[in-house]
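Structural overview for review
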Amino acid sequence: MLIDVKNEVENILNQAEWMDHFSVTRTGSIYILLRKNEIEYMPIRISNHLKKTAFYANKTFCLENLEDELLNIREYLDQKIWYRFGYREYYALNIILFLAKKNRRIYIDNTMSIFDESKMGLVFYQKRFRNRKRFDLIPVSISFQKMLRRLYSSGLISGHRDLWGSDLLVYVTKMGHSIKNEFFKCYNDLYWKETRNLNFDYIKIPPEVGWRK
């Protein structure tokens, strides 16, 4: 069944498009990351239930009616403006992963259920852990906030409940890991150069750089 889904979606892609990632969650939802023109990407979700959060911006297609939905997927790919992946996205994804090595994490604020009930835009903050019970709350810069919102809406990052509260711990999804790894040779040297003396209490997203092969 899953092989059929993968093949059916690949069959509707144009010559310049390819499937970069295909994965299935425990609830049976399928996440696919499509790519074209080196830097453009488009995540799609195929499932029999809707995504629980309104902050995930990509369309869900019905798994039970996949044969009929294939035309809708192709139309969606033709009409939707594809996301662009560049150095700024690579930088942000790496920072999220690297913060864990510094006893820090990025969280989504769910005070007064603002996330659960989609009461306002996503608000991110950083926790700096001193030990298991003590931590500091650190605001996230405007540029980092904007990038985190973009990555969340496209599905390259997501969040899950931690063990100590209602706020959501941010993590890089499988799609996020997949596309980040594709750009390792392109951006990693610059990333390490720019983060050598990074102030982890105030992380800003750097300017975009040109595409590097």
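The structure this text deals with has already been given above.
Residues numbered from 1 in each chain as written. Predicted model: local features only at pLDDT ≥ 70, side-chain atom pairs only at ≥ 80, totals over all residues. Heavy atoms only, no water.

**Some thoughts on the overall build of the chain**
- Looking only at helices and strands, the chain has 6 helices and 10 strands in total.
- Going through the 213 residues of the chain one by one, you find that 51% of them count as buried.
- In the form shown here, the chain has an accessible surface area of approximately 12200 Å², with 50% of it arising from carbon and sulfur atoms. (Helix = DSSP H or I, 4+ residues; strand = E, 2+ residues; numbered from the N terminus. Buried < 20%, exposed > 50% of the residue type's maximum accessible area, 1.4 Å probe, protein only. Areas by Shrake-Rupley, 256 points an atom, 1.4 Å probe, with all protein chains shown as cover.)

**Some details on the pairing of strand 3 (residues 40–47)**
- Strand 3 sits mainly inside the fold: 8 of its 8 residues count as buried.
- Side chains of strand 3 alternate between two faces, with Glu-40, Met-42, Ile-44 and Ile-46 and Tyr-41, Pro-43, Arg-45 and Ser-47 buried alike.
- One ladder, built from 7 bridges, connects strand 2 (residues 30–36) with strand 3; its direction is antiparallel. Opposite Leu-34, over in strand 3, you have Met-42 as the bridge partner.
- Where strand 2 folds back on strand 3, the antiparallel hairpin that results is connected by 3 residues, among which Asn-37 adopts a positive phi of roughly 50 degrees.
- Pairing between strand 3 and strand 5 (residues 83–84): 2 bridges, direction antiparallel. Note that in strand 5 the partner of Tyr-41 across the bridge is Tyr-83.
- Direction of pairing for strand 3 relative to strand 4 (residues 60–62): parallel, over a ladder of 3 bridges. Residue pairing across strands places Ser-47 opposite Cys-62, the latter belonging to strand 4. (Pairing = 2+ DSSP bridges.)

**Details of the nonpolar core**
- Ile-44, Ile-46, Ile-73, Leu-77, Phe-124, Phe-144 and Ile-157 are the most contacted members of the largest nonpolar core, which totals 60 residues.
- For this core, the leading source of residues is helix 3 (residues 87–99), giving 9 residues.
- Among all residues touching Ile-46, those that are not within four sequence positions of it are Val-5, Val-9, Gly-28, Ser-29, Ile-30, Ile-32, Phe-61, Cys-62, Leu-63, Leu-66 and Ile-73. (Core = buried A, V, L, I, M, F, W, Y, C linked by side-chain atoms within 4.5 Å. Contact = heavy atoms within 4.5 Å.)

**Thoughts on the pattern of salt bridges**
- According to the stated counting rule, one finds 9 salt bridges in the structure shown.
- Linking Arg-104 and Asp-201 is a salt bridge whose minimum nitrogen-to-oxygen distance equals 2.8 Å. Within this pair, whereas Arg-104 is found in strand 6 (residues 104–108), its partner Asp-201 is found in the segment after helix 6 (184–194), the two being separated by 97 residues in sequence.
- Across the salt bridge formed by Asp-201 and Arg-128, the nearest N and O atoms sit 2.9 Å from each other. Here Asp-201, found in the segment after helix 6, pairs with Arg-128, found in strand 7 (residues 124–129); they are 73 residues apart in sequence, far enough to count as distant. (Salt bridge = Lys/Arg side-chain N within 4 Å of Asp/Glu carboxyl O.)

**Topic: helix 2 (residues 66–79)**
- With 14 residues, helix 2 extends 19 Å from end C-alpha to end C-alpha; this agrees with the ideal 20 Å at 1.5 Å per step.
- Within the span of helix 2, buried status applies to Leu-66, Glu-69, Leu-70, Ile-73, Arg-74, Tyr-76 and Leu-77. The buried residues of helix 2 all sit within an arc of 160 degrees when viewed along its axis, so they share a single face. The exposed set on the far side of helix 2, more than 90 degrees from its buried face, consists of Asp-68, Leu-71, Asp-78 and Gln-79. (Expected span 1.5 Å × (residues − 1). Arc of directions from axis to C-beta.)

**Remarks on the packing of aromatic side chains**
- All told, the structure shown has 15 aromatic pairs when counted by the stated rule.
- Taking the centre distance of 5.9 Å and the plane angle of 5 degrees together, the rings of Phe-183 and Tyr-187 count as stacked. The burial state of Phe-183 is the same as that of Tyr-187; both residues are buried.
- The ring of Trp-82 is capped by Lys-36, whose NZ or CZ atom sits 4.5 Å from the centre of that ring. (Phe/Tyr/Trp six-rings, centres within 6.5 Å; stacked < 30°, edge-to-face > 60°. Lys NZ or Arg CZ within 6 Å of the ring centre and 35° of its normal.)

**Structural notes on the packing of helix 3 against helix 5 (residues 174–182)**
- Running from amino to carboxyl end, helix 3 crosses helix 5 at an angle of 120 degrees, the nearest separation of the two axes being 10 Å. On the basis of their axis angle, the class for helix 3 and helix 5 is oblique. Here helix 3 runs over helix 5; the crossing is left-handed. On helix 5, the residues touching Tyr-90, Leu-93, Asn-94 and Leu-97 of helix 3 are Gly-176, His-177 and Lys-180.
- Residue composition of the contact of helix 3 with helix 5, grouped by class: 3 nonpolar, 3 polar and 1 charged. (Axes fitted to C-alpha atoms, helices over the stretch in contact; angles between N-to-C directions. Parallel < 35°, antiparallel > 145°, perpendicular 65-115°, else oblique. Left-handed = near helix turned anticlockwise from the far one by under 90°. Nonpolar A, V, L, I, M, F, W, Y, C, P; charged D, E, K, R; others polar.)

The values are spatial; any link to function lies outside them.
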